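Observations on the three-dimensional arrangement
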Amino acid sequence: MKNNWIRIAAVTLASAAIFTSCNKAESKPVAVEETPAMETISPVKEKFSTELRMPAELTGFQQVDIYAKVSSYVKELKADIGSEVKKGQLIMVLEAPEVSSQLAAAESRFRSQEAVYSGSNSTYKRFLETSKTEGTISKNDLEQAEARKNSDNANYQAAKASYREIQNIQSYLQIRAPFDGVIAARNVNLGAYVGPAGKGSELPLFTIQQQDKLRLSVYVPESYSGFLSDGDALKFNVKSLPGRTFEAKIARKSGALDSRLRSERVEMDFKNADKKLLPGMVAEVILPLTAKDSNYVVPKTAVFSSSEGVFVLKVENSKTLRVPVQKGREIEDRVEVFGDITAETVLVKAANEEIKDGTLVK
C-alpha cells in the first residue's frame, strides 16, 4: 500500500513539471523582423577620362601590285626584293616579238598614207592656185581634188593613230616604278611568261611599298568613335620594339561604320624616316577617351540588370522606385549612368532585383 502511494506521488510530480515547462515555453516573446537599413547615395557629376587599347595595322602609305598589260616574256630584271627604287626607274623589261612586228607594219602604213596625203594635198594646192586664172580649171575638178585630199588626210590620221597605239603597247614592255618605294615582293624570274590573263597573271610581277611614310589603321567601336577627332595625337607601340612608344596624328576618318564590325575606320600618318617600322606590323594603339561633358556617376552596386532592363532604385517618400537607366563607361567601382536622375536624386547604394518597388527604406 505504501509503495502505491509513492508511485502516485511520483507521477503527480512529473506531470506538474511537464505542465510548468509547457507554460514557460508558451510565455516566450516572439521575435519581430525589423526593416533592414539601406545605405543611400546621390549621383555626382564627373568627367571620365579613360583609355582603350585597340589592335591596329601598319601599311605602306602607298602600295601597288604591278601586272603585265600585254602577253610577253621576262627579258631583264632590274630590281629585286628589298631594292629601293625611284619614281620612273626601270625595274623590268619584257619581250613580245609580235608587238615589234605589229609596230613595223603600223609604221609602214603610216608612212604610206603620209606620202599619199602629201601628194593629194600638193595637187589640190596647185589646182587652187591655177583656178585663180579664170577658165583654166573647172570648179568640178577643184572640188574633186579637195575631196581626194580630205579623204587621204583622214586615212593618214587613222594610220598615225594606229601607229601611236602600237607604240604605247610597246612602251608597256618596260615596267617602271610609279613612286619612290621598296620592292616588297617579286614573283617572276627571267624567261617567265606573263600577261593580262591566264596563268601568267595569277600573281603580280612586283609589289612596291612606300616605307618612309606609313599608314596606321584602327577600327574604333561605335560607342567610342565620338571621342576622337581629326588631328588628335595617339600613341602606339609594336611587339618587335618593346619599350618604345610612337606617336601619330589622326589624318582621316571614314565617317561611316563598317557593316560587319560596326566600327569606324580611323587612319593616322606616321613618318618612318629611320624605317624601323615595317608595313604589315600589328600595333597596339592607345585611344584616349575623355568625355567632353560631365556625366552622372554612381557606384556599380547601385545599378542592377534584370530581364526588363537596367535600373537604379530611387528613394521617394522613404520607398523604393525603379528608374530605368543606360550604362556608360566603367572605371574601377564607378559607372556612368544616363536617365531620369539629378544631383538631388537619392539612390539605394546596394540595389538588386529582389528589392521591389514600394519597399520601405529605413
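Description of the structure in this document. Just so it is clear, the structure is predicted and the values come from calculations on it, not from any experiment. (Residues numbered from 1 in each chain as written. Predicted model: local features only at pLDDT ≥ 70, side-chain atom pairs only at ≥ 80, totals over all residues. Heavy atoms only, no water.)

Let us look at the overall build of the protein chain. For the protein chain, the helix and strand inventory stands at three helices and 22 strands. The burial tally for the protein chain puts 32% of its 362 residues in the buried class. When contacts within the protein chain are restricted to residue pairs at least 6 apart in sequence, long-range pairs at least 24 apart make up 75% of them. Accessible surface computed for the protein chain: about 22600 Å², of which carbon and sulfur atoms make up 51%. (Helix = DSSP H or I, 4+ residues; strand = E, 2+ residues; numbered from the N terminus. Buried < 20%, exposed > 50% of the residue type's maximum accessible area, 1.4 Å probe, protein only. Contact = heavy atoms within 4.5 Å. Areas by Shrake-Rupley, 256 points an atom, 1.4 Å probe, with all protein chains shown as cover.)

Here we come to the side chain of Thr-320. By the element assignment, Thr-320 lies in strand β20 (residues 319–331). Residue classification places Thr-320 among the buried residues on the basis of a relative accessible area of 4%. From its side chain, Thr-320 meets the backbone oxygen of Lys-356 in a polar contact 2.7 Å long. Sequence-distant contacts of Thr-320, defined by excluding residues within four places in its chain, comprise Leu-313, Lys-314, Val-348, Ile-355, Lys-356, Asp-357, Gly-358, Thr-359 and Val-361. (Polar contact = N/O pair within 3.5 Å; in protein donor to acceptor, adjacent residues only side chain to side chain.)

The backbone of Arg-262 sits at a positive phi, close to 55 degrees, despite the residue not being glycine. On the secondary structure map, Arg-262 appears in the loop between β14 (246–257) and β15 (263–271). Unlike most non-glycine residues, Asn-317 shows phi in positive territory, near 55 degrees. By the secondary structure assignment, Asn-317 is in the loop between β19 (309–316) and β20.

A full pass over the atoms with the stated rule returns eight aromatic pairs. Measuring from ring centre to ring centre gives 5.8 Å for Phe-246 and Phe-270, while their planes differ by 85 degrees; the resulting arrangement is edge-to-face. Here Phe-270 lies in strand β15 and Phe-246 lies in strand β14, a separation of 24 residues in the sequence. Residue Phe-246 shares its accessibility class with Phe-270, and that shared class is buried. (Phe/Tyr/Trp six-rings, centres within 6.5 Å; stacked < 30°, edge-to-face > 60°.)

Here the focus is the pairing of strand β21 (residues 334–339). Pairing of strand β17 (residues 295–299) with β21, which is carried by three bridges, proceeds in the antiparallel orientation. Following the sheet pairing, Val-298 is matched in β21 by Val-335. With five bridges connecting them, β20 and β21 associate as antiparallel partners. If you follow Val-325 over to β21, its bridge partner there is Gly-339. The turn linking β20 back onto β21 is made up of two residues, and Glu-332 within it adopts a positive phi angle of 50 degrees. (Pairing = 2+ DSSP bridges.)

So, on to the pattern of salt bridges. What the rule picks out here adds up to 19 salt bridges. When the shortest N-O distance is used, the salt bridge between Lys-300 and Glu-330 registers 3.3 Å. Taken together, the residues Lys-300 in the loop between β17 and β18 (303–306) and Glu-330 in strand β20 connect sequence positions 30 residues apart. Classification of Lys-300 as partly exposed rests on a relative accessible area of 34%. In this structure, the salt-bridge partner of Glu-330 is Lys-327, at a minimum N-O distance of 3.2 Å. Note on Glu-330: relative accessible area 41%, which makes it partly exposed. (Salt bridge = Lys/Arg side-chain N within 4 Å of Asp/Glu carboxyl O.)

The next point concerns helix α2 (residues 97–130). Under the 1.5 Å per step criterion, the end-to-end length of α2 is 50 Å for 34 residues, consistent within 8% with the ideal 50 Å. Burial in α2 covers these residues: Val-99, Leu-103, Ala-106, Phe-110, Ser-120, Asn-121 and Tyr-124. Residues of α2 that are buried make contact with α3 (139–171). (Expected span 1.5 Å × (residues − 1).)

Take the environment of Val-325 next. Note that Val-325 resides in strand β20. Considering only alpha carbons, one finds Val-325 and Val-310, 15 residues apart in sequence, at a separation of 5.8 Å. When sequence neighbours within four positions are dropped, the list of residues in contact with Val-325 reads Val-303, Val-310, Phe-311, Val-312, Val-337, Phe-338 and Gly-339.

Turning to the side chain of Asp-258, a few remarks are in order. In this structure, Asp-258 sits in the loop between β14 and β15. Within polar-contact distance, the side chain of Asp-258 engages the backbone nitrogen of Arg-260 at 2.9 Å. With residues near it in sequence (within four places) discarded, Asp-258 still touches Tyr-219 and Ser-263.

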